[in-house]
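Each chain, written out:
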Amino acid sequence: MLKAAQDRDIENRPFEKSIKQFGEIVMSEPALLTRLDETRDADSFIAAYCKLAAERGIHFTTDNMKVAVQEQKQGSNWILPKAVLSMVRERF
């Protein structure tokens, strides 16, 4: 049943797969974490996250990212790495 729910979410919200994919890259490249940590507020963080992902051929919108951030802040839909979530908490 859990697998069916996950498959449904991927079909209905394909941006989650892209955000998660970029999160894995962020965790494997410390320089990306540093660049994200240099952002000062929520809007610049989200813009930087989307821009850095796009530079690597991974695309999602700022609105997609805002949805992911809000859901994860509420304790659901874990698609952002913990290190990124810590930065989110500082800015949101």
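Residues numbered from 1 in each chain as written. Predicted model: local features only at pLDDT ≥ 70, side-chain atom pairs only at ≥ 80, totals over all residues. Heavy atoms only, no water.

Examining the nonpolar core
Generally speaking, soluble globular proteins have nonpolar side chains that are buried together.
Here is step 1 of the chain: In this structure, I19, F22, F45, Y49, F60 and M65 are the most contacted members of the largest nonpolar core, which totals 25 residues.
Here is step 2 of the chain: Breaking this core down by element, the ones donating at least two residues are helix 2 (15-28), helix 3 (30-37), helix 4 (42-55), helix 5 (62-73) and helix 6 (82-91).
Here is step 3 of the chain: The contact partners of Y49, leaving out residues within four places of it in the chain, are I19, F22, G23, V26, L36, F60, M65, L80, P81 and V84. (Core = buried A, V, L, I, M, F, W, Y, C linked by side-chain atoms within 4.5 Å. Buried < 20%, exposed > 50% of the residue type's maximum accessible area, 1.4 Å probe, protein only. Helix = DSSP H or I, 4+ residues; strand = E, 2+ residues; numbered from the N terminus. Contact = heavy atoms within 4.5 Å.)

What to know about the packing of aromatic side chains
Here is step 1 of the chain: Across all of its chains, the model carries 4 aromatic pairs by this definition.
Here is step 2 of the chain: Relative to Y49, the ring of F22 has its centre 4.9 Å away and its plane inclined at 85°; by these criteria the two rings are edge-to-face. Placement of the pair is F22 in helix 2 and Y49 in helix 4, with a sequence separation of 27 residues.
Here is step 3 of the chain: In this structure F22 comes out as buried when scored by relative accessible area, which is 0%.
Here is step 4 of the chain: Take Y49: its relative accessible area is 0%, and that puts it in the buried class.
Here is step 5 of the chain: Note on Y49 and F60: the rings are 6.2 Å apart at their centroids and 45° apart in plane angle, and the pair reads as tilted. (Phe/Tyr/Trp six-rings, centres within 6.5 Å; stacked < 30°, edge-to-face > 60°.)

Re the pattern of salt bridges
Here is step 1 of the chain: Under the counting rule described, the total for this entry stands at 5 salt bridges.
Here is step 2 of the chain: With a shortest N-O distance of 3.9 Å, E29 and R56 are connected by a salt bridge. Residue E29 is located in the loop between helix 2 and helix 3, and its partner R56 is located in the loop between helix 4 and helix 5; the two are separated by 27 residues in the primary sequence.
Here is step 3 of the chain: Accessibility expressed as a relative area gives 31% for R56, which makes it partly exposed. (Salt bridge = Lys/Arg side-chain N within 4 Å of Asp/Glu carboxyl O.)

Observations regarding the environment of G23
Here is step 1 of the chain: In this structure, G23 sits in helix 2.
Here is step 2 of the chain: Accessibility expressed as a relative area gives 1% for G23, which makes it buried.
Here is step 3 of the chain: G23 has contacts with Y49 and P81, leaving out every residue within four places of it along the chain.

Regarding the packing of helix 2 against helix 5
Here is step 1 of the chain: Between helix 2 and helix 5, the least distance of the axes is 10 Å, while the angle of their chain directions is 75°. Put simply, helix 2 runs roughly perpendicular to helix 5. Packed against helix 2, whose contacting residues are F15, E16 and I19, the element helix 5 presents N64, M65, V67, A68 and E71 at the interface.
Here is step 2 of the chain: Among the residues forming the contact of helix 2 with helix 5, the class breakdown is 5 nonpolar, 1 polar and 2 charged. (Axes fitted to C-alpha atoms, helices over the stretch in contact; angles between N-to-C directions. Parallel < 35°, antiparallel > 145°, perpendicular 65-115°, else oblique. Nonpolar A, V, L, I, M, F, W, Y, C, P; charged D, E, K, R; others polar.)

Comments concerning the side chain of T39
Here is step 1 of the chain: Examined against the element boundaries, T39 turns out to sit in the loop between helix 3 and helix 4.
Here is step 2 of the chain: Looking at T39, its side chain comes within polar contact range of the side chain of R91, at 2.9 Å.
Here is step 3 of the chain: Residues within four places of T39 in sequence aside, it is in contact with S44, F45, A48 and R91. (Polar contact = N/O pair within 3.5 Å; in protein donor to acceptor, adjacent residues only side chain to side chain.)

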